[in-house]
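# Per-entry structural report
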Amino acid sequence: MASDSAGVVTRFAPSPTGFLHIGGARTALFNWLYARHHGGKYLLRIEDTDRARSTEPAIEAIFDGLGWLGLEGDEAPTFQFARSDRHAAVAHELLEKGAAYRCYLTAEELADRRARAQAERRTFRIDSEWRDADPATWPADAPYVVRIKAPREGETTIDDQVQGSVTVANSELDDFVLLRSDGTPTYMLAVVVDDHDMGVTHVIRGDDHLNNAFRQIVILRAMDWPVPVYAHVPMILGADGAKLSKRHGAVGVDAYRDEMGLLPEAVFNYLLRLGWGHGDREEISREEAIELFDLSGVGRSPSRFDIKKLLNLNGHYIREADDARLAGLVAPLIGSNADKSLLAEAMPQLKLRAKDLHELAEGAAFLFKVRPLSMDEKASALLTDEARGLLEKISARLHSQSDWTVEALEANLKSFAEEQGLGLGKLAQPMRAALTGTTTSPGIFDVLALLGRDEALARLDAQTSSADADPTI
Ligand code: GLU
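Just so it is clear, the model here is predicted, and its values are computed rather than measured. (Residues numbered from 1 in each chain as written. Predicted model: local features only at pLDDT ≥ 70, side-chain atom pairs only at ≥ 80, totals over all residues. Heavy atoms only, no water.)

Pairs of aromatic rings are described using the distance from one ring centre to the other and the angle between the two planes. Counting across every chain of the model gives eight aromatic pairs. Ring plane angle 55° and centroid distance 4.8 Å describe the contact between Y104 and W130, whose orientation is recorded as tilted. Separated by 26 residues along the polypeptide, Y104 in the loop between β4 (100-103) and α4 (107-119) and W130 in the loop between α4 and β5 (145-148) bring together distant segments of the chain. The exposure class assigned to Y104 is buried, which follows from its relative accessible area of 7%. On the numbers, 5.4 Å between centres and 50° between planes, the contact of Y104 with Y144 is tilted. One end of the pair, Y104, is in the loop between β4 and α4; the other, Y144, is in the loop between α4 and β5, and 40 residues separate them in sequence. According to the relative accessible area criterion, Y144 is partly exposed, its value standing at 24%. Aromatic rings pair up to connect F30, W276 and F293 into one cluster. Lying across the ring of F81, R51 places its NZ or CZ 3.8 Å from the centre. (Phe/Tyr/Trp six-rings, centres within 6.5 Å; stacked < 30°, edge-to-face > 60°. Helix = DSSP H or I, 4+ residues; strand = E, 2+ residues; numbered from the N terminus. Buried < 20%, exposed > 50% of the residue type's maximum accessible area, 1.4 Å probe, protein only. Lys NZ or Arg CZ within 6 Å of the ring centre and 35° of its normal.)

As structure tokens, then:
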């Protein structure tokens, strides 16, 4: 593994849990932006040491989510589990240096000591008699764990780029385990070794790892490795102020794409601004984000996830998005009969109303309905006898129209409305019901034009009073 420490190297190190958590996606984004801003490298590490949870689909879900957001790593990802031997080798190096020791305390002994501390209302600390035992006295065949010799005096300060200066008394740090009794490395060890070997200069991650950083520094110092710059980013909270979890709705990035029908640029922009700000700027492009991002703009207090804001932002990005691209995204949501070129043609109108791709698909559905049209409740209620009578007149008028453009249709129907002494709205309502089976749609002239002359007339005729008399027409 190349360790090029000349420039900035960041990393995103998710544990595969079945999906890419939206909070993880924000961590990835900040790492990606920081590296891009400084012309550095952004790496991925899959922390797959929990063998039960780290399935192939769980790992795929992470790559999938990152790919969707355009946050793939700059190099092939590192898989943590595959590096277990290297982690163990570092533990053995620490043993040889005398910076770690074999601890033969049994689980029962530890439990006893813990219980005693509790009974005496003392904080329990590992105080192993093996810490200073002469290696010559180490039993040859009894099980042991390898523990680090954590410093007991003094204090450790982290100059965190988000949390500020944080100091912990070394007496609070335990002699934590590096290798379990079966020889497997612990998470604490693996992270430090991997970050070092990957040449990581900046560790940007959730502030739930701040406590770990103090332990990780113990290993770094013992190995004489450089301590990276830390930036512990506050958690994302739900609207109620509790840590964002499934209880608040979707937390997997895949659900934002599939169930909620959001565009990646909207999620990107929302996550960017969740905990990071640049004045009052609302929409920030990828390029601008790279230019503007720095850790000094990341706030210290947790941000609340505001789904309404995200949806509004998505509506904005939908209106900005390319019509053919939207047609490609919406067509599969409509079904096999959705014609992408017709969808693209309708898109400038359709996208004015939609906040997500599902709404866009719903709005477009009228284009692909087959006769007889199914009517929703409101649309049926609009089609009174009076309305059907009016539709008959409109139909007659339109049958004699050959120029089927929005402009010509508008001119013709406007003059018809005037002749009838009716407002245009009076005409549009029953027409919309007859043409779309619903009461919301793009402008009525657009609907007529998009459906085309034959289909539009057939739909109108199916709802006129004479059609009612003979439903087979
Ligand atoms: N795998 C850890 C997590 O998913 C992150 C570890 C780290 O960033 O140091 O929370």
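Additional details are given in the paragraphs that follow.
Next up on the list: the site of the ligand. All residues adjacent to the ligand are R11, A13, P14, S15, E47, Y187, V191, R205 and H209. Side-chain polar atom of E47 to a nitrogen atom of the ligand: 2.6 Å apart, as the coordinates give it. H209 is positioned with one of its side-chain polar atoms (N or O) 2.9 Å from an oxygen atom of the ligand. Surface burial for the ligand is 80%, taken as the share of its 300 Å² of free accessible area covered by protein chains. Among the cavities detected, the one that contains the ligand is the largest pocket. The residue makeup of the shell around the ligand, split by class, is four nonpolar, two polar and three charged. (Near = heavy atom within 4 Å. Polar contact = N/O pair within 3.5 Å; in protein donor to acceptor, adjacent residues only side chain to side chain. Areas by Shrake-Rupley, 256 points an atom, 1.4 Å probe, with all protein chains shown as cover. 1 Å grid on protein atoms, 1.4 Å probe; cavity = no way out; pocket = protein on both sides within 12 Å on 5 of 7 lines; lining within 4 Å. Sits in = over half its atoms within 2 Å of the grid points. Nonpolar A, V, L, I, M, F, W, Y, C, P; charged D, E, K, R; others polar.)

Further remarks concern the side chain of D160. Secondary-structure assignment places D160 in strand β6 (residues 155-160). Here D160 occupies a buried position and makes no salt bridge, while the nearest side chain of opposite charge, R205, is found at 7.4 Å. Not counting residues up to four positions away in its chain, the partners in contact with D160 are L210, Y230, A231 and H232. (Lys, Arg positive; Asp, Glu negative; His and termini not counted. Salt bridge = Lys/Arg side-chain N within 4 Å of Asp/Glu carboxyl O. Contact = heavy atoms within 4.5 Å.)

Quick look at the pairing of strand β9 (residues 202-206) now. In terms of burial, β9 is largely enclosed, as five of its five residues are buried. With five bridges joining them, β9 and strand β10 (residues 229-233) adopt parallel strand pairing. Residue pairing across strands places H202 opposite V229, the latter belonging to β10. In this region the chain leaves β9, passes through helix α6 (residues 210-223) and returns to the parallel neighbour β10; the handedness of that crossover is right-handed. (Pairing = 2+ DSSP bridges. Right-handed = clockwise from strand over helix to strand, strands pointing away.)

Further remarks concern the pattern of salt bridges. Applying the stated criterion across every chain, the model contains 24 salt bridges. Of the charged contacts in the structure, one is a salt bridge between D74 and R36, with a shortest N-O distance of 2.7 Å. Of the two residues, D74 sits in the loop between α2 (56-69) and β3 (78-79) while R36 sits in helix α1 (residues 22-37), which places them 38 residues apart along the sequence. Judged by relative accessible area, which is 27%, R36 ranks as partly exposed. For R51, the salt bridge identified is with D48, shortest N-O distance 3.7 Å. The class for D48 is buried, based on a relative accessible area of 6%. Connected through salt bridges with shared partners, the residues R11, R45, E47, R83, R86, D194, D195 and D197 form a single ionic network.

Moving on: the environment of L271. Mapped onto the secondary structure, L271 falls in helix α8 (residues 264-273). By relative accessible area, L271 is classed as buried at 1%. Separated by 118 residues in sequence, L271 and G389 have C-alpha atoms that sit 53 Å apart. In this structure, L271 is in contact with I22, A25, R26, L29 and F30, ignoring residues within four places of it in sequence.

Unfilled space is identified by rolling a water-sized probe across the atoms. Of the volumes computed, that of the largest pocket is approximately 940 Å³. Lining the largest pocket are 35 residues; nearest its centre among them are S15, H21, G24, D208 and H209. It is α1 that provides the largest number of residues to the lining of the largest pocket, a total of four residues. Broken down by class, the residue content of the lining of the largest pocket amounts to 16 nonpolar, ten polar and nine charged. (Points joined across faces, edges and corners; volume = space filled by probe spheres on them.)

With that settled, the discussion passes to the sheet that holds strand β8 (residues 177-179). If you trace the three strands from one edge of the open sheet to the other, you get β4-β5-β8, paired in antiparallel fashion. Each end of this open sheet is capped by a strand with a single partner; those strands are β4 and β8. Ignoring which end each strand starts from, the neighbouring axes of this sheet average 40° apart. The pairing of β4 with β5 spans four bridges and is classified as antiparallel. Residue pairing for β5: Y101 is matched across the bridge by R147. (Axes fitted to C-alpha atoms, helices over the stretch in contact; angles between N-to-C directions.)

The next subject is the packing of helix α16 (residues 406-420) against helix α17 (residues 424-436). The contact between α16 and α17 brings their axes to 9 Å, and the two run at 115°. Seen along the crossing, α16 lies across α17 with a hand that is right-handed. Taking contact as the criterion, the partners of L413, K414, F416 and A417 in α16 are, on α17, L424, L427 and M431. (Left-handed = near helix turned anticlockwise from the far one by under 90°.)

Here the focus is the confidence of the model for the chain. Of the residues in the chain, 97% reach a pLDDT of 70 or more, and the chain-wide mean stands at 93. Every residue in residues 1-5 scores below 50 in pLDDT, and together they form 13 contacts with partners more than four places removed in sequence or on other chains. This stretch, residues 469-473, has a pLDDT under 50; its non-local contacts, to residues over four places away or in other chains, come to zero contacts. (pLDDT = per-residue confidence, 0-100.)

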